[in-house]
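Notes for the structure review
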Amino acid sequence: MAARMVEVEAYIGEDDPACHAAPGPTRRNVVMYGPPGFSYVYFIYGMYHCFNIVTERKGFPAAVLVRAAEPIAGLEMMRANSPAGPDHRLLSGPGKLCRALGLTARHTGFDLTGDKLFVADDGFACGEIVITRRIGIRKGAERLFRFHLADSPAVSGRR
DNA sequence: CAGACGATGCACT
DNA sequence: GTGCATCGTCTGG
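Presented here is an overview of the structure given in this document. Note that this is a predicted model, so its numbers are computed, not measured.

**Description of the sheet that holds strand E6 (residues 146-149)**
- Read across the sheet, six strands follow the order E2-E3-E4-E1-E6-E5 without closing on themselves; strand pairing throughout is antiparallel. Both edges of this open sheet fall to strand E2 (39-44) and strand E5 (129-132), since each of them pairs with a single strand only. Within this sheet the neighbouring strands show an average axis-to-axis angle of 30°, counted without direction.
- Direction of pairing for strand E1 (residues 2-12) relative to E6: antiparallel, over a ladder of three bridges. In the strand pairing of E6, Glu 9 is matched with Arg 146.

**Comments concerning helix H2 (residues 94-101)**
- Of the positions making up H2, those classed as buried are Pro 94, Gly 95, Leu 97, Cys 98 and Ala 100.
- In the core, the buried residues of H2 are packed alongside strand E3 (48-54), strand E4 (62-73) and helix H1 (75-81).

The rules behind each value
Residues numbered from 1 in each chain as written. Chains lettered and ligands numbered in written order. Predicted model: local features only at pLDDT ≥ 70, side-chain atom pairs only at ≥ 80, totals over all residues. Heavy atoms only, no water. Pairing = 2+ DSSP bridges. Helix = DSSP H or I, 4+ residues; strand = E, 2+ residues; numbered from the N terminus. Axes fitted to C-alpha atoms, helices over the stretch in contact; angles between N-to-C directions. Buried < 20%, exposed > 50% of the residue type's maximum accessible area, 1.4 Å probe, protein only. Contact = heavy atoms within 4.5 Å.

Pasting the structure below:
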């Protein structure tokens, strides 16, 4: 399966109250303290998972939450993993994205420069990027750390 | 070891 | 806009 990320949020450091590293190192968030470029997938609300990419130097906990993407390849598998709906909604939310791609907490710690679960540059040149507050959080909600393509039909919360 | 809570999605008003 | 399912993780005792 392959998809183009179109919506992300940044969670940066122990000083960011919405960041999972805000309480300091714990069993769950340790990977955020490691080197950048690794996956961090956590379980939330008893039924969903969220996929993150660890960023910043080793020792400084930060990550980017991937909130939405446009399906590019492996659509049949994504549909099989998801309830019925239009293809452009398959990955239109952090929980839906993990469900369609089959990502769970077991996918934490993958080297995203490797060949199993990875990020690649296909040369795509995006248009306008919209910057807003982060979604679904209480603490740290005023920070403008959400970034999404202005013209993508796959951005979360759209029809 | 009990209890609170959450980086969501979906149904419903 | 509101309500809620459902459970791993963390906290405090």
